[in-house]
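Next come the chains, spelled out residue by residue.
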Amino acid sequence: MITQRLSLGDDEVEISAVKASGPGGQHVNTSATAIHLRFDIRASSLPEVYKERLLALSDHRITDEGMVIIKSREHRSREMNRQAALERLISLIRGVTAAPKKRRPTRPSKNARERRLKAKTRRGDLKKSRGKVSHE
């Protein structure tokens, strides 16, 4: 369950176990405890608004074809890695369910403009004082 109204079916998420790399002794070479989770955004049952927001994200886990690929190998058990990968997918989808706030254009105040110009003048004066040093 992602939200109270939104959930994913088990057939929408493809989970495969692969051999984990890294330290861990001889056991790591024989057991497939790492998890690769694949989720096709375009073929999912998510509303079109959420699909568009997900595809618009610049996340390294989303491919150009619209697949979310999450790799989990931080735990020693396959089930814990599976849960961790699903939690990451759910948090990614929850991130796009909240509607982005509209930006209200604002202007800097008169005092802010004056402070900025004074700071620029001080900085310019400091740079002018850094001339060549003559020993004469």
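A few points on the structure.

Criteria and thresholds
- Residues numbered from 1 in each chain as written.
- Predicted model: local features only at pLDDT ≥ 70, side-chain atom pairs only at ≥ 80, totals over all residues.
- Heavy atoms only, no water.
- Salt bridge = Lys/Arg side-chain N within 4 Å of Asp/Glu carboxyl O.
- Helix = DSSP H or I, 4+ residues; strand = E, 2+ residues; numbered from the N terminus.
- Buried < 20%, exposed > 50% of the residue type's maximum accessible area, 1.4 Å probe, protein only.
- 1 Å grid on protein atoms, 1.4 Å probe; cavity = no way out; pocket = protein on both sides within 12 Å on 5 of 7 lines; lining within 4 Å.
- Points joined across faces, edges and corners; volume = space filled by probe spheres on them.
- Nonpolar A, V, L, I, M, F, W, Y, C, P; charged D, E, K, R; others polar.
- Contact = heavy atoms within 4.5 Å.
- Arc of directions from axis to C-beta.

1. Structural notes on the pattern of salt bridges
Applying the stated criterion across every chain, the model contains 4 salt bridges. The residue K51 makes a salt bridge to E48 at a minimum N-O spacing of 3.4 Å. Note that K51 and E48 are positioned in helix 1 (residues 48-56) at a spacing of 3 residues, about one turn of the helix. In this structure, R82 and E79 form a salt bridge, with 3.3 Å as the shortest nitrogen-oxygen distance. Highlighted residues: R82 and E79, both in helix 2 (residues 78-97), separated by 3 residues, approximately one helical turn. For R82, a relative accessible area of 31% translates into the label partly exposed. Overall, the relative accessible area of 45% leaves E79 in the partly exposed class.

2. So, the layout of surface pockets
The space that makes up the largest pocket amounts to roughly 250 Å³. Surrounding the largest pocket, 13 residues form its lining, L8, G9, D10, V13 and L86 being those nearest its centre. Secondary-structure elements contributing two or more residues to the lining of the largest pocket are strand 1 (13-18) and helix 2. Take the lining of the largest pocket: its biggest share by element is 6 residues, from helix 2. Its residues assigned to classes, the lining of the largest pocket comprises 8 nonpolar, 2 polar and 3 charged.

3. Overview of the environment of L46
Looking at the element boundaries, L46 is found in the loop between strand 2 (34-40) and helix 1. Under the relative-accessibility criterion, L46 is labelled buried at 4%. Each C-alpha atom of the pair L46 and I93 lies 9.4 Å from the other, and the pair is 47 residues apart in sequence. With residues near it in sequence (within four places) discarded, L46 still touches L6, L8, F39, K51, L54 and I93.

4. Regarding helix 1
All buried positions along helix 1 are accounted for by Y50, K51 and L54. Seen along its axis, helix 1 keeps its buried residues to an arc of 100 degrees; they face one direction. Away from its buried face, by an angle of more than 90 degrees, helix 1 presents the exposed residues E48, E52 and A56. Contacts from the buried residues of helix 1 go to helix 2.

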